[in-house]
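Working through the structure, step by step
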Amino acid sequence: MSEQAYHWATGRRKSAIARVRLYPGNGQITVNGKSAREYFGGRAAHQMNLTEALRLVGATDRFDVTVRVVGGGVSGQVGAIRHGIARALITVDEELRPALKRAKLLTRDARVKERKKVGLKRARKAPQYTKR
């Protein structure tokens, strides 16, 4: 690892933006000043998603992760953090890129809510058709 104190990256998902910092440490994840388990609750799927990039490269106990995340909902924020951690790992070691790319962790998920159209109830749902 280089001589700087931490490695950082930005992750995005839906309308959530996460600024991620990786410090040398023992695997603690802090989100907006709270532990990840406390911030996101005990849902196992969120915990698995958060640590996916670290587990893939075998660095779960090498780094402490500190995150500032704003916008979006719970799953959007988890996705943004996951994206940010993967990008930050590349700043640590460029040779991790192929493994992270194969797992599709570096691609920004561009799916966002579709806008509501005029004359429809939602983005695609039309009012009920009545013949008479």
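Our subject in this report is the structure included herewith. This one's a predicted model, so the numbers in the text were calculated from it and none came from an experiment.

With that settled, consider the sheet that holds strand 3 (residues 29-31). Taken in spatial order, the 5 strands line up as 1-2-5-3-4 in an open sheet, and their pairing is mixed. Two strands lie at the open edges of the sheet, namely strand 1 (7-13) and strand 4 (34-35), each paired on one side alone. As judged from the 3 bridges shared by strand 3 and strand 5 (residues 63-70), these two strands associate in the parallel manner. The partner of Val31 across the bridge, within strand 5, is Val67. Contacting strand 1, strand 2 (16-24), strand 3 and strand 5, helix 3 (residues 74-92) runs over the sheet at an angle of about 145° to strand 1.

On to a positive patch on the surface, then. Where like charges cluster on the molecular surface, the positive patch consists of Lys113, Lys121, Arg122 and Lys125. With respect to the helices, strands and loops of the structure, Lys121 is situated in the segment after helix 4 (97-102). You can call Lys121 exposed: its relative accessible area is 52%.

Attention shifts here to the nonpolar core. Across soluble globular proteins, nonpolar side chains show a tendency to be buried alongside one another. By size, the foremost hydrophobic cluster in this structure holds 30 residues, and its most contacted members are Ile81, Leu89 and Leu100. Taken together, the elements giving at least two residues each to this core come down to strand 2, strand 3, helix 1 (36-40), helix 2 (44-57), strand 5 and helix 3.

As enumerated under the stated definition, the model contains 6 salt bridges in all. The partner of Glu52 in a salt bridge is Arg82, with the nearest N and O atoms 2.8 Å apart. Here Glu52 is found in helix 2, whereas its partner Arg82 is found in helix 3, with 30 residues between them in sequence. Residue class for Glu52 comes out partly exposed when judged on its relative accessible area of 25%. The shortest N-O distance in the salt bridge between Glu94 and Arg97 comes to 2.9 Å. Owing to a relative accessible area of 36%, Arg97 belongs among the partly exposed residues under this scheme. Counted as one network, the salt bridges with shared partners bring together Arg13, Asp109 and Arg111.

What counts, and at which threshold
- Residues numbered from 1 in each chain as written.
- Predicted model: local features only at pLDDT ≥ 70, side-chain atom pairs only at ≥ 80, totals over all residues.
- Heavy atoms only, no water.
- Pairing = 2+ DSSP bridges.
- Helix = DSSP H or I, 4+ residues; strand = E, 2+ residues; numbered from the N terminus.
- Contact = heavy atoms within 4.5 Å.
- Axes fitted to C-alpha atoms, helices over the stretch in contact; angles between N-to-C directions.
- Patch = residues over 30% accessible without salt bridge, like charges linked within 9 Å, V, L, I, M, F, W, Y side chains within 5 Å.
- Areas by Shrake-Rupley, 256 points an atom, 1.4 Å probe, with all protein chains shown as cover.
- Salt bridge = Lys/Arg side-chain N within 4 Å of Asp/Glu carboxyl O.
- Lys, Arg positive; Asp, Glu negative; His and termini not counted.
- Charge placed at Lys NZ, Arg CZ, Asp CG, Glu CD.
- Buried < 20%, exposed > 50% of the residue type's maximum accessible area, 1.4 Å probe, protein only.
- Core = buried A, V, L, I, M, F, W, Y, C linked by side-chain atoms within 4.5 Å.

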